[in-house]
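Residue-level structural notes
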Amino acid sequence: MREATPTLTQQEFLAKEKQHKTQVRIIRVFLFVLFLAVWELCARLEIIDAFIFGSPSRIGACFIRMTADGSIFLHIGVTLYETVVSFFLVVTIAVAVAVGLWASRTASEVLEPYLVMLNSLPKSALAPLLIVWLGNNMKTVIVAAVSVAVFGSILTLHTGFVQTNPDKIKLIYSLGGSKKDVLTKVLIPGSIPLIISNMKVNVGLCLVGVIIGEFLSAKAGLGYLIIYASQVFKMDMLVMAIVILCIVSTLLYQGIAVLEKKITG
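Worth saying up front: this structure is predicted, and the values here are computed from it rather than measured.

This paragraph deals with the packing of aromatic side chains. Throughout the structure, instances matching the rule amount to 3 aromatic pairs. Centroid distance F87 to F88: 5.7 Å. Interplanar angle 65°. Geometry classified as edge-to-face. Accessibility expressed as a relative area gives 53% for F88, which makes it exposed.

To continue, consider the pattern of salt bridges. Under the criterion given, the structure shown has 4 salt bridges. For the salt bridge of D236 with R58, the shortest nitrogen-to-oxygen distance reads 3.1 Å. Of this pair, D236 sits in helix α12 (residues 235-264) while R58 is found in helix α3 (residues 56-69), placing the two residues 178 residues apart along the sequence. Since its relative accessible area comes to 13%, D236 is described here as buried. The partner of K200 in a salt bridge is E260, and the shortest N-O contact between them spans 2.6 Å. Here K200 is found in helix α10 (residues 192-216), whereas its partner E260 is found in helix α12, with 60 residues between them in sequence.

Following the sequence through the fold, I52 ends up in helix α2 (residues 50-53). The class for I52 is partly exposed, based on a relative accessible area of 37%. In sequence terms I52 and F13 are 39 residues apart; their C-alpha atoms lie 49 Å from each other. If near-sequence neighbours (up to four positions away) are discounted, I52 is found in contact with F233 and M235.

Moving on, we get to the packing of α10 against α12. Contact pair α10 / α12: the axes reach a minimum separation of 10 Å and the direction vectors enclose 165°. When the interaxial angle is binned, α10 and α12 end up roughly antiparallel. Both α10 and α12 take part in a crossing whose hand is right-handed. Touching I192, I196, M199, K200, V203, L207 and I211 of α10 are L245, V248, S249, L252, Y253, I256, A257, L259, E260 and I263, all from α12. For the contact of α10 with α12, a count of residues per class yields 14 nonpolar, 1 polar and 2 charged.

On to α3. Helix length check: α3 (14 residues) gives 20 Å between terminal C-alpha atoms against 20 Å at 1.5 Å per residue, within 8%. Remark: G70 follows α3 within two positions and exhibits a positive phi of approximately 80°.

With a phi angle near 65°, E46 is a residue other than glycine that sits in the positive phi range. Assignment of secondary structure puts E46 in the loop between α1 (8-44) and α2. Residue E46 is classed as exposed on the basis of its relative accessible area, which comes to 68%. Although it is not a glycine, F233 adopts a positive phi angle of roughly 60°. By relative accessible area, which is 43% here, F233 ends up partly exposed.

A few words now on the confidence of the model for the protein. When pLDDT is averaged along the protein, the result is 86; 97% of the residues meet or exceed 70. No element of the protein has a lower mean pLDDT than helix α8 (residues 166-174), which averages 77, and none a higher one than helix α4 (residues 71-103), which averages 92.

A separate point is the packing of α4 against helix α11 (residues 222-231). To characterise two packed helices, one gives the angle between the axes of the helices and the distance between these axes. Relative orientation of the contacting elements α4 and α11 amounts to 125°, with a least axis distance of 7 Å. If you check the angle between α4 and α11, you find them oblique. Facing α4, whose interface residues are I72, H75, I76 and T79, α11 presents L222, G223, Y224 and L225. When its residues are assigned to classes, the contact of α4 with α11 shows 5 nonpolar, 3 polar and no charged.

What counts as what
- Residues numbered from 1 in each chain as written.
- Predicted model: local features only at pLDDT ≥ 70, side-chain atom pairs only at ≥ 80, totals over all residues.
- Heavy atoms only, no water.
- Phe/Tyr/Trp six-rings, centres within 6.5 Å; stacked < 30°, edge-to-face > 60°.
- Buried < 20%, exposed > 50% of the residue type's maximum accessible area, 1.4 Å probe, protein only.
- Salt bridge = Lys/Arg side-chain N within 4 Å of Asp/Glu carboxyl O.
- Helix = DSSP H or I, 4+ residues; strand = E, 2+ residues; numbered from the N terminus.
- Contact = heavy atoms within 4.5 Å.
- Axes fitted to C-alpha atoms, helices over the stretch in contact; angles between N-to-C directions.
- Parallel < 35°, antiparallel > 145°, perpendicular 65-115°, else oblique.
- Left-handed = near helix turned anticlockwise from the far one by under 90°.
- Nonpolar A, V, L, I, M, F, W, Y, C, P; charged D, E, K, R; others polar.
- Expected span 1.5 Å × (residues − 1).
- pLDDT = per-residue confidence, 0-100.

Next comes the structure, spelled out in structure tokens:
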């Protein structure tokens, strides 16, 4: 079957939309380049102290040095591994517990105050305790990252599950279906957008949790690199690690966005 040819008005609209998106991309790139140029110029003219604030050229030179000896890839790899592992743990635990709370009203009413309390607790306060319990290793960092995201994720998913369209649930029961049928045919399929949206938030929170854990208990990783650079006053290295973190967080978010398009598209 042949697709309908867009009208002239539709073609004009699509052309304007494409032009608008192109303009937005150009302006973004221009602002970024302008920021780097002003930063570099201020450092070279000694308007700002390059030793304290760094400069794009110094940060680039630091990156090249660490690329040459391979150390930067070790730190990026460690942080990425810890983030991905903690992210999958958070998603798995959150969905499983939220489904369990949805399935049991009693468990939901009993556990909800504790989940709210744990979600409100500053997770950095748990880090010293985790170090004592688990030691100064990667396991501590991953557990710290999971603790940052998992409780809020459970509460968000559970709230979404409870608000599932009641008419669809009644229809399943009226046709002789069970709670399992409601779960597999209504709840999970209808909650895919909520789960994906929650994953977008969690991937950033897991990265935050990993960095918190690496600040206190790590021998490698971007968080460790930031702490080390601040202690030895290598501001170029410190800013470089922060810039790489920004890039990593953006790529992780975009990865979830691509997954969303494939699932919902």
